[in-house]
Amino acid sequence: MNLLEVENLVKHFPVAKGWFGRGKQTVYAVNGVSFSVAKGETLGVVGESGSGKSTMGRSVLRLIEPTSGRVRLEGVDVTSLNGENLRKARKHMQMIFQDPYASLNPRLTIGNILEEPLKYHGVEKKNDRREQAERLLREVGLDDSYYDRFPFQFSGGQRQRVGIARALALNPKLIIADEPVSALDVSIQAQVLNLFVKLQETRNLTYVFISHDLSVVKHLCNRIAVMYLGEIVEMAECEELFRHPLHPYTQALIRAIPVVDPAQRRQRLILTGDIPSQTSPPAGCPFHTRCPQCMDICKKEHPALLTQSGHQTSCHLYGKH
Ligand code: ADP
Ligand code: MG
């Protein structure tokens, strides 16, 4: 059964135009994204910076209000909940952020940081909260003596472990991790990724794992969704995506992964041009302005998302004409 179902999610930000705020324009950050995630599965979401990954993640959890669309968690329509019901549903869905330093209150001890959500959700006895906080610290590979320390006393990797412990405090079903290792040294990244894998096994967690770096999601995800300008342009099983990338954008992203062994160095197809402005996205296929295989139709018609043996892509190269 699917734990999470996202249907046609849209998030547009109205913003002021120009220096003096006269006139309005719209940032088309997420433009009709649909996907589902099975219980215990990890869905990777990749794409360049600015493609709408964070906005999508935040809208799913309703940390920001989606403009339209549906999000269902275990069949419950989260988008229509409010008040107490939304608070209860939020327990089941947690987010882990890129920069744990910015997301951990510097004035609180680690113990307080971990106990805050427990208190808010009704664990009343101080001793119970402390016991749970110490158990969480051990679970993420930290010493429970860290309980009385402050975030600044930790390294980046340790702080991200605290961020993970806090997300686990309410025993969530779904975790959306937004670039959780991107700020860490490469040597530390693998350790934190291993922790994600271990926690998924022991807690049967479901992850949506957001990263601009394909090599990070490669070993972690069951399926991968590739986002470009607020849309999913390709989605497939992880191995299938790396072996048979269909969309020229995905192909470029894969070729751009650095290869360590020089003998194996692929011909790198570097994407030219910047990602277009999201206040005036291109007509037709959103990728056509940078696509090495752009055809006439791509400038005019938006390609439909086609599915073949579970592999989805929206590209006119695979349309029927
Ligand atoms: P990603 O996480 O893939 O880098 P984001 O979701 O952060 O992409 O951003 C997608 C687009 O939405 C960007 O153009 C960004 O500038 C814009 N955006 C994000 N948040 C806001 C906001 N609060 N107000 C206006 N525009 C925003
Ligand atoms: Mg982001």
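Now for a quick tour of the structure. Please read these numbers as outputs of a predicted model, since none were measured by experiment.

**Regarding the side chain of Arg-161**
Tracing the sequence through the fold places Arg-161 in helix H6 (residues 156-168). Although Arg-161 is buried, it makes no salt bridge; Glu-139 carries the closest opposite charge, 11 Å away. A polar atom in the side chain of Arg-161 sits 2.9 Å from the backbone oxygen of Val-140. Not counting the four nearest positions on each side in its chain, Arg-161 is found in contact with Val-140, Gly-141, Leu-142, Gln-191, Val-192 and Leu-195.

**Description of the environment of Pro-14**
Counting through the fold element by element, Pro-14 comes out in strand E1 (residues 2-16). Not counting residues within four places of it along the chain, the set of residues in contact with Pro-14 comprises Gln-25 and Thr-26.

**Side note on the nonpolar core**
In terms of nonpolar packing, the biggest core is built from 59 residues, with Ile-164, Phe-209, Leu-214 and Ile-224 touching the most fellow members. Apart from the residues within four sequence positions on either side, Ile-164 is in contact with Ile-96, Val-140, Val-192, Leu-195, Phe-196 and Leu-199. The next biggest cluster of nonpolar side chains, apart from the first, holds 30 residues, and it includes Ala-29, Val-78, Leu-86 and Ala-89.

**Details of the layout of surface pockets**
Quantified by volume, the largest pocket comes out at close to 450 Å³. Lining the largest pocket we find 16 residues, and of these Leu-63, Arg-90, Met-93, Gln-94 and Leu-170 sit closest to its centre. Counting residues per element, the ones that place at least two in the lining of the largest pocket are helix H2 (83-91), strand E6 (93-96), helix H4 (110-120) and H6. Its residues assigned to classes, the lining of the largest pocket comprises nine nonpolar, two polar and five charged.

**Some details on the site of ligand 1**
Taken together, 13 residues form the shell around ligand 1, and within it Gly-50, Lys-53, Ser-54, Thr-55 and Gln-278 come nearest. One of the side-chain nitrogen or oxygen atoms of Lys-53 is found 2.8 Å away from an oxygen atom of ligand 1. One nitrogen or oxygen atom from the side chain of Thr-55 is found 2.5 Å from an oxygen atom belonging to ligand 1. For ligand 1, whose free accessible area comes to 560 Å², the fraction covered by protein is 62%. Those elements giving two or more residues to the shell around ligand 1 turn out to be E1, strand E2 (24-38) and helix H1 (53-60). Top element by residues in the shell around ligand 1 is H1. It accounts for three residues. Looking at the shell around ligand 1 residue by residue, the class counts come to four nonpolar, seven polar and two charged.

**Comments concerning empty space enclosed by the protein**
Enumeration according to the criterion identifies two cavities of 30 Å³ or more in this entry. If you add up the space inside the largest cavity, you get close to 60 Å³. Per-class residue counts for the lining of the largest cavity are seven nonpolar, three polar and no charged. Empty space within the second largest cavity amounts to approximately 40 Å³. Within the residue set of the lining of the second largest cavity, elements represented by two or more residues are E6, helix H3 (100-103) and H6. Element by element, the count of residues in the lining of the second largest cavity is highest for H6, at three residues. Split by residue class, the lining of the second largest cavity holds four nonpolar, three polar and one charged.

**Topic: the sheet that holds strand E9 (residues 223-228)**
Spatially, eight strands are ordered E6-E7-E8-E3-E9-E10-E12-E11 in an open sheet, and the strand pairing comes out mixed. In the strand order of this sheet, the two ends are held by E6 and strand E11 (306-308), each with one partner. This sheet shows a mean twist of 20 degrees between the axes of neighbouring strands, independent of strand direction. Strand direction decides the pairing type here: strand E7 (residues 174-178) and strand E8 (residues 206-211), joined by five bridges, are parallel. Residue pairing in the sheet places Ile-175 in a bridge with Tyr-207 of E8. Those strands touched by H1 are strand E3 (42-46), E6, E7, E8 and E9, and its axis lies near 155 degrees from that of E7. Along the sheet face, H6 touches E6 and E7 and points at about 170 degrees away from the line of E6.

**A look at the sheet that holds strand E5 (residues 76-77)**
Read across the sheet, four strands follow the order E2-E1-E4-E5 without closing on themselves; strand pairing throughout is antiparallel. Pairing within the sheet leaves two strands with one partner each, and these edge strands are E2 and E5. Where E1 and E2 come together, twelve bridges link them in antiparallel fashion. Bridged to Val-15 within E2 is Gln-25. Each of E1, E2 and strand E4 (68-73) is contacted by H1, which is oriented at about 115 degrees to E1, the strand it contacts most.

The rules behind these values
- Residues numbered from 1 in each chain as written.
- Chains lettered and ligands numbered in written order.
- Predicted model: local features only at pLDDT ≥ 70, side-chain atom pairs only at ≥ 80, totals over all residues.
- Heavy atoms only, no water.
- Helix = DSSP H or I, 4+ residues; strand = E, 2+ residues; numbered from the N terminus.
- Buried < 20%, exposed > 50% of the residue type's maximum accessible area, 1.4 Å probe, protein only.
- Lys, Arg positive; Asp, Glu negative; His and termini not counted.
- Salt bridge = Lys/Arg side-chain N within 4 Å of Asp/Glu carboxyl O.
- Polar contact = N/O pair within 3.5 Å; in protein donor to acceptor, adjacent residues only side chain to side chain.
- Contact = heavy atoms within 4.5 Å.
- Core = buried A, V, L, I, M, F, W, Y, C linked by side-chain atoms within 4.5 Å.
- 1 Å grid on protein atoms, 1.4 Å probe; cavity = no way out; pocket = protein on both sides within 12 Å on 5 of 7 lines; lining within 4 Å.
- Points joined across faces, edges and corners; volume = space filled by probe spheres on them.
- Nonpolar A, V, L, I, M, F, W, Y, C, P; charged D, E, K, R; others polar.
- Near = heavy atom within 4 Å.
- Areas by Shrake-Rupley, 256 points an atom, 1.4 Å probe, with all protein chains shown as cover.
- Pairing = 2+ DSSP bridges.
- Axes fitted to C-alpha atoms, helices over the stretch in contact; angles between N-to-C directions.

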